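Chain and residue survey
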Amino acid sequence: CGDSKIAGKKYNCNYTGPPKPLQAEGHELLAVRSSILIFIAILLLLCPACSSNFMNLFCELTCSPHQSRFMNSTDFNGPSVTEVQYYIGQTFTNGEFTVCRCHSSMYNACKDVQAPSSNVKALSLLCGKDAKDCNATNWIQYMFNINNGHSFKSDVPVSGYTPMNNKTYACTEGLDDGSGPCSCQDCTKACGPKPVPPPVPPPWTIFGIDAMTVIMWISYSAFLCLLLGVHIKLASLSDSPCFSPPEVNASCCETLGERFENALRTLFSSWGSFCVRHPSVVLLGSLILVVGSSGGLVYMRITTDPVELWSSPSSQARQEKDFFDSHFGPFFRTAQLIITTPIVDPFLYSPYFGGSDVPFGAILRKDILHQVLDLQLDIESLTATYEGQTVTLKDICLAPLAPYNTNCTILSVLNYFQNSHDVLDHSAGDDFFVYADYHSHFLYCVSAPASLNDTTLLHDPCLGTYGGPIFPWLALGGYDETNYNNATALVVTFPVNNYLNDSVRLGKARAWEKEFVKFMKNFKNPNLTVAFSAERSIEDEIDRESKSDISTIVVSYVIMFVYISLALGHINSCRRLMVDSKISLGISGILIVLSSVSSSLGIFSYCGIPLTLIVIEVIPFLVLAVGVDNIFIVVQAYQRDERMPQEELHQQIGRILGDVAPSMLLSSLSETVAFFLGALSNMPAVRTFSLFAGLAVFIDFLLQISCFVSLLGLDARRQEANRLDIFCCAKLPEGQETRTDSFLFRFFKKIFAPFVLKEWVRPIIVSTSVTAFIAVVNKVEIGLDQKLSMPDDSYVLDYFKNLTMYLHTGAPVYFVVEDGLNYSSLEGQNAVCGGVGCNNDSLVQQVYSASLISNYTTIGFTPSSWLDDYFDWVKPQSSCCRYYNTSGEFCNASVVNSSCVHCRPMTPAGKQRPEGEDFMQFLPMFLSDNPNTKCGKGGHAAYAAAVDVYPDLTGVGATYFMTYHTILKESPDFTEALKMARILAANITEAVGHKVFAYSIFYVFYEQYLTIASDTAFNLGVSLAAILAVSTVLLGFEVWSAVLVSVTIAMILVNMFGVMWLWSISLNAISLVNLVMCCGISVEFCSHIVRAFSISVKNNRVERAEEALAHMGSSVFSGITLTKFGGILILALSKSQIFQVFYFRMYLAIVLLGAAHGLIFLPVLLSYIGQVVVAESLFNNCLLVFTFMGFGACSHPSSKGIGLTFTFFKRM
């Protein structure tokens, strides 16, 4: 009859006669009405009972021949009916229920039905509010509310009418047409009890205190008691007049060790003499080798790709990433804004048609939204240039419906308003009232983001311009629960296509991102506070950070270089300042260290092994520490030595090298082997560092015993000739000078060593050195706070802060089913799908169950299921799957053509799932169908990339089912999410009988933290084992001495973990590299002292330890401790938080702990339980050994020099 006030609709005519067949016009009206109902019913088809009840309700309302029994026309406009009352029965037959409300039964059957493509429940799209807030009453009221565009009204029954009392079905019941009961995911009552997460294991405690702490303190107390007893016993024995140290006969191993020691002395003595006699040959040969090795630097590649840096190609996460990228394409890039406003006052919205006032956050004010839209449109219009070509967002953006719809995907709340100022301003009302505006549209769209019609008087679509929904949890932030209107932040995301092996298109994307970052840095608006980031932002900021820290690193190394150059010289008088200084020798030593680093880098560059920033930043520090220590040992040994009668310079330096080179070999070879074994790690950053470091340390040793010895000989000749350092052409007049020991040597010999080894000091040192830090080893936090990787002034820090503060949803997670599953069979379908007839332990069902306990599993939502949506799409009850009966080509639901017929017949068999050839025949149509007003199930936008269809349409390959993690904020959250997703994927694999894995973009970075503890134990254990083995051999097979070295280094490592716990340094690849380096540097602190103790022939352990500390301790302290200390302090000034935390803090701890253990604890430990002296008993063999090897004499052991002092001359 007349036109309705709702545009495009007409009122029904008032008719009170008997039922009669529909006229042609009525058929057209019924077809229109049915299409609307079918569009809604498609969302409910996963549950046949729900869909049947829903259609029954509206079919009876629309065309029942018994309408007069339960419908009453209550308002008219001429012949037109403008309002009716629809009476619904209070009692009906429904399985387990005997009496209930019809609409309650319908609601109970529908309340759990999922909308697979939207990761939400279907009622969230049909109830005008979130599904958890929807109930039977407000659902019916919403659907029949005239203000939502429907001309229906629901009311209670009155006398004279028989309520509509048709049979309804519970979701646990099958239908009369053979359709089965609803699945567990769509019907909670079919599931059984809700899954319950396992209880959190209680902390391990003893008497309410952490068990590890209690055990370690008890152990420490027992150790102190034992130490006290041993000390008292030793003191009583030493005071006894009958006590004398036992004579120890050398064992076979000790004899072999002494011979090996003498062979090393002879070898290094001969080599040192040769280097001094032929410096030009040695220097030229070394230069050729260094230049040749360093030539590989022209092939040097620096890895900045985080994936290559932190994930091994053979790791599970890396292989899964490669699989995902090769089958579905790499995960898209993102440019993202998080927008807040300094305006803090919320405001209230009062709906015209009743209901309580709705509070809105200030960020949702219309004027603010207009300003945000201006910003969004400005970003859309940005242009960049790449290789002379103009690049716009449209050239690189994700457009899932292209080529039919080329609009870019923009995940923004403004897309509810079609990214249009006009739509944002759209309102419905009159001169007095506003019936609907952006408030009502917003409230509808956050509940039904996939809606094509908001059902308010505006009738604006919620679907984004790109053809997909804008989920509120992705576009809004800072709200509580699902009260999106309380949001305090807007999140605007621009997904950008990523490219696997296309450098040109990837370059265009990066160029546009660069322009985006530049634009946002210059953006200013007093009403908006914007945090932003692009895909390239982190990499750019790390690169900027590295460049900005160059000055800090340079200053650090300059300080160390200046110290080395000045400290090497031993100035006897002011007159001889420029003669006795060794600035040129120190600079030469530094150049040798740098040459070893460049040679290592060059050799591995020849091999095609890329460098990392960790290698460039850490290895020079490491090699400088090791190299400088050896330089000081050689130079100071020469300075303290007195030339024997008739001994020439080359013989003297050769003899000195024979004394100290075995100690240098011990430390360098221990470090080299330890580093090379560390290369067994699966972590690329650790493996690369270990390879480069091991080779650099060994090359440095070779250059020091060759190049540096030759340079030392040249410098000694210069000094003996009274020539000035640097200005060697100038000569100082001859004069009588008194030779004295250096201040540091005298301090160690006269004050420090005697004090440390005093009877009452030693137990204090041992008791304070053996700490209970092992109790906190397992309490060191694992992970890397990504904020630490940014400079202090980085814009990305604000983005990270807002990301943690405002976002409510984690990263997407994909459950990938690998190739080989037969989706055309019922068995294959049931193993995966989540609808009617699917297995209770299917993939979709298990992910759904996991989402019910999201606080435990970190799975936030039901997965989107292409398979379930395909089944709904292909059903004959929908208008989605049609084809032209003339050509067999797909016919979209929006096409009006008589030749378009349904894919499947409306028969019991046709209503069943497609199998075999039917399955593959219609699947490509589904994947190419765009959603529209007639069919919202088209799979092009949601699933085109999710299904890998074989080219010849013979089957389906790999597929994925997507959901989202819950919000993840800290590094442990990401690690736990990865762990739980893998557990879930393993359970699915077992149930399905086919390989399924979980993949998310961050897995490849956080996988290392699943095994970082075991990797750390393995790397440090292997390093300690290598140090033990090498030390055993090079200490003359003194196993006990090697054990003491390893124990001391282990104590340093334990204390390092204690420092990490106290100083909030987390365990990750960077700190693991530093811990491996700590092993190497600790060898320098310990091995020289132990070897000096081992070869000392003093009367008892205390005297031997004092001699070792006095002679070798000063060199170690001046060489490695003081050199590093000055340079490390400069690192504290760095703008880089990584430098401040992982380099300044850890390096400082390494040096201080190494010095404390090597120069204080270790000598005291040796004074208690050091190796028993055997050198005296072996001295009688010295003459025989040296005569056999071609030398003429061997002196008696003396206290001068370091350990045994041998004089020799070549037999004529």
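For the structure given in this document, a descriptive report is provided here. Here the structure is a predicted model, which means the values were calculated and not measured. (Residues numbered from 1 in each chain as written. Predicted model: local features only at pLDDT ≥ 70, side-chain atom pairs only at ≥ 80, totals over all residues. Heavy atoms only, no water.)

This paragraph deals with the pattern of salt bridges. This model, assessed by the stated rule, comprises 26 salt bridges. Across the pair Arg718 and Asp715 runs a salt bridge, and its minimum N-O distance is 3.1 Å. Placement of both Arg718 and Asp715 in helix H24 (residues 684–720) is noted, with a separation of three residues, approximately one turn of the helix. In terms of burial, Arg718 and Asp715 fall into one category: buried. In this structure, Asp872 and Lys875 form a salt bridge, with 3.7 Å as the shortest nitrogen-oxygen distance. Several salt bridges converge on common partners, so that one network encompasses Glu261, Arg265, Asp659 and Arg1091. (Salt bridge = Lys/Arg side-chain N within 4 Å of Asp/Glu carboxyl O. Helix = DSSP H or I, 4+ residues; strand = E, 2+ residues; numbered from the N terminus. Buried < 20%, exposed > 50% of the residue type's maximum accessible area, 1.4 Å probe, protein only.)

Our next topic: the sheet that holds strand E24 (residues 947–949). Across the sheet, which stays open at both edges, the four strands sit in the order E24-E25-E21-E26 with antiparallel pairing between neighbours. Looking along the sheet, the strands with just one partner apiece sit at the ends: E24 and strand E26 (996–999). This sheet shows a mean twist of 15 degrees between the axes of neighbouring strands, independent of strand direction. Pairing analysis gives two bridges linking E24 to strand E25 (residues 956–966), with the strands arranged antiparallel. Directly across from Val949, in E25, lies its bridge partner Val956. Across the sheet, helix H11 (residues 316–328) lies against strand E21 (809–817), E24, E25 and E26, angled at about 90 degrees from E26, the strand it touches most. (Pairing = 2+ DSSP bridges. Axes fitted to C-alpha atoms, helices over the stretch in contact; angles between N-to-C directions. Contact = heavy atoms within 4.5 Å.)

Turning our eyes to something else, we now look at the nonpolar core. Generally speaking, nonpolar side chains in soluble globular proteins are found buried as a group. In this structure, Trp139, Phe516 and Phe815 are the most contacted members of the largest nonpolar core, which totals 326 residues. Among the elements that line this core, the one with the most residues is helix H40 (residues 1137–1169), at 21 residues. (Core = buried A, V, L, I, M, F, W, Y, C linked by side-chain atoms within 4.5 Å.)

Between its first and last C-alpha atoms helix H25 (residues 743–756) spans 18 Å; for 14 residues at 1.5 Å apiece the expected length is 20 Å, and the two agree. Where H25 bends most, the angle comes to about 35 degrees, and this point is Lys749. Along H25, the positions that sit buried rather than exposed are Leu744, Phe745, Phe748, Phe752, Ala753 and Val756. (Expected span 1.5 Å × (residues − 1). Bend = angle between axes of the 7 residues up to and from the residue.)

Tracing the backbone shows Ser1118 in helix H39 (residues 1101–1131). A relative accessible area of 4% places Ser1118 in the buried class. Of note is the side chain of Ser1118, whose polar atom sits 3.0 Å from the side chain of Gln636. A distance of 3.3 Å separates a polar atom in the side chain of Ser1118 from the backbone oxygen of Ser1115. Non-local contacts of Ser1118, meaning those with residues more than four positions away in its chain, are made with Tyr563, Phe632, Gln636, Leu744 and Thr1123. (Polar contact = N/O pair within 3.5 Å; in protein donor to acceptor, adjacent residues only side chain to side chain.)

Among the surface-exposed residues, Glu781, Glu970, Asp973 and Glu976 lie close enough to one another that they form a single negatively charged patch. Looking at the element boundaries, Glu976 is found in helix H34 (residues 971–992). Using a relative accessible area of 34% as the deciding quantity, one classes Glu976 as partly exposed. (Patch = residues over 30% accessible without salt bridge, like charges linked within 9 Å, V, L, I, M, F, W, Y side chains within 5 Å. Areas by Shrake-Rupley, 256 points an atom, 1.4 Å probe, with all protein chains shown as cover. Lys, Arg positive; Asp, Glu negative; His and termini not counted. Charge placed at Lys NZ, Arg CZ, Asp CG, Glu CD.)

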